[in-house]
Amino acid sequence: MEDIVTLVGPRSVGKSSIGKIMAKSLGWTYIDLDEYMNQILKKDGGIGGFTKKYGWDTYMKVLHKELKKLLSSLKSKKVVLDCGGGTISSEFPESELNAHLLRRHSKIVLILPNEDEEKGLQVLLEREKTRKHFFDWSHDKLKDKTRKDYFERVLGMRNFAHHIIHTNEQPPRKIAKL
């Protein structure tokens, strides 16, 4: 097993904050997979530009190929890898391939906002409201999207996680030390 901890979870759960603190306290490298992919796809306008141009199905194929390369390059390195939820849990076949790949090369830690799913969804919804790409969304549209994504993706994440952490609204610094 490589010295890689992979953080997964729904949008706005705190993966990035927790991952950065965890990596710093362990003296490990922190890698945000979305930032990594944005650099690779820079000439196409990052993930957003690439998916508009070629579609999500093509992006998932490229992501899988790049994830394999990345994991191969990390041998004997200590890394906290922050993955978006769609990396291992989406409707695309590469998602399951990514999950198996990450499970083989790392410890997958699923971060959830609360043991009570309704409370957790409320926490996520409040955090989603502050994200710039949701500013112009109505409350009901954002609530429906948050709920749909949560229930469609979290089950898949649970299936591949080695560990599950419920933040229960604790600060990232406290969670990172678990």
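Let me begin by describing the structure that accompanies this report. (Residues numbered from 1 in each chain as written. Predicted model: local features only at pLDDT ≥ 70, side-chain atom pairs only at ≥ 80, totals over all residues. Heavy atoms only, no water.)

1. Concerning the nonpolar core
- Counting residues in hydrophobic clusters, the biggest one holds 46 residues, and the most contacted among them are Leu 7, Leu 33, Met 37, Tyr 59, Leu 81 and Leu 102.
- Counting residues per element, this core draws most heavily on helix H4 (residues 56-73), which supplies seven residues.
- When neighbours within four sequence positions are excluded, Leu 102 is seen to be in contact with Thr 6, Leu 67, Leu 71, Leu 81, Cys 83, Thr 87, Ile 88 and Ile 108. (Core = buried A, V, L, I, M, F, W, Y, C linked by side-chain atoms within 4.5 Å. Buried < 20%, exposed > 50% of the residue type's maximum accessible area, 1.4 Å probe, protein only. Helix = DSSP H or I, 4+ residues; strand = E, 2+ residues; numbered from the N terminus. Contact = heavy atoms within 4.5 Å.)

2. Concerning the pattern of salt bridges
- Counted by the stated rule, this structure contains 12 salt bridges.
- A salt bridge links Lys 43 to Asp 44; its shortest N-O distance comes to 3.4 Å.
- Here Asp 44 falls in the buried class, since its relative accessible area comes to 13%.
- Note that Glu 66 is salt-bridged to Lys 69, the shortest N-O span being 3.3 Å. One end of the pair is Glu 66 and the other is Lys 69, both in helix H4 and three residues apart, which spans about a single turn. (Salt bridge = Lys/Arg side-chain N within 4 Å of Asp/Glu carboxyl O.)

3. Describing the sheet that holds strand S5 (residues 163-166)
- With parallel pairing, five strands are arranged side by side in an open sheet as S2-S3-S1-S4-S5. The sheet is open, and its two borders are formed by strand S2 (29-32) and S5, each paired with just one other strand. Averaged over all pairs of adjacent strands, the angle between strand axes in this sheet comes to 20 degrees, irrespective of strand direction.
- By the bridge criterion, four bridges tie strand S1 (residues 4-8) to strand S3 (residues 79-82) in an arrangement that is parallel. Within S3, the position partnered with Thr 6 by the bridge is Leu 81. (Pairing = 2+ DSSP bridges. Axes fitted to C-alpha atoms, helices over the stretch in contact; angles between N-to-C directions.)

4. Here we look at the side chain of Thr 167
- With respect to the element layout, Thr 167 can be found in the loop between S5 and helix H8 (172-176).
- According to the relative accessible area criterion, Thr 167 is buried, its value standing at 3%.
- Excluding residues that lie within four positions of it along the chain, Thr 167 makes contacts with Val 13, Ile 18, Ile 111, Leu 112, Pro 113 and Ile 175.

5. Describing the packing of aromatic side chains
- Tallying each qualifying case throughout the model produces five aromatic pairs.
- Look at Phe 50 and Tyr 59: their rings are 6.4 Å apart centre to centre, the planes differ by 65 degrees, and that puts the pair in the edge-to-face class.
- Overall, the relative accessible area of 4% leaves Tyr 59 in the buried class.
- Seen from their ring centres, Trp 56 and Tyr 59 are 5.5 Å apart, and the 90 degrees between their planes marks the pair as edge-to-face. Placement of the pair is Trp 56 and Tyr 59 together in helix H4, with a separation of three residues, close to one helical turn.
- An aromatic cluster is present here, built from Phe 50, Tyr 54, Trp 56 and Tyr 59 joined pairwise through their rings.
- Note that Lys 141 overlies the ring of Trp 137, its terminal NZ or CZ placed 4.3 Å from the centroid. (Phe/Tyr/Trp six-rings, centres within 6.5 Å; stacked < 30°, edge-to-face > 60°. Lys NZ or Arg CZ within 6 Å of the ring centre and 35° of its normal.)

6. Topic: the layout of surface pockets
- Considered as a void within the structure, the largest pocket measures approximately 1400 Å³ in volume.
- Elements with a minimum of two residues in the lining of the largest pocket: helix H1 (15-26), helix H2 (33-40), helix H3 (46-54), H4, helix H6 (117-128) and helix H7 (139-160).
- In terms of residue class, the lining of the largest pocket is made up of 16 nonpolar, 14 polar and 16 charged. (1 Å grid on protein atoms, 1.4 Å probe; cavity = no way out; pocket = protein on both sides within 12 Å on 5 of 7 lines; lining within 4 Å. Points joined across faces, edges and corners; volume = space filled by probe spheres on them. Nonpolar A, V, L, I, M, F, W, Y, C, P; charged D, E, K, R; others polar.)

7. A short note on the pairing of S3
- The alternating pattern of S3 places Val 79 and Leu 81 on one face and Val 80 and Asp 82 on the opposite face, and all of these are buried.
- Alignment of S2 against S3, held across four bridges, turns out to be parallel. The residue bridging Thr 29 from the neighbouring strand is Val 79, located in S3.

Keep in mind these values describe shape, not function.
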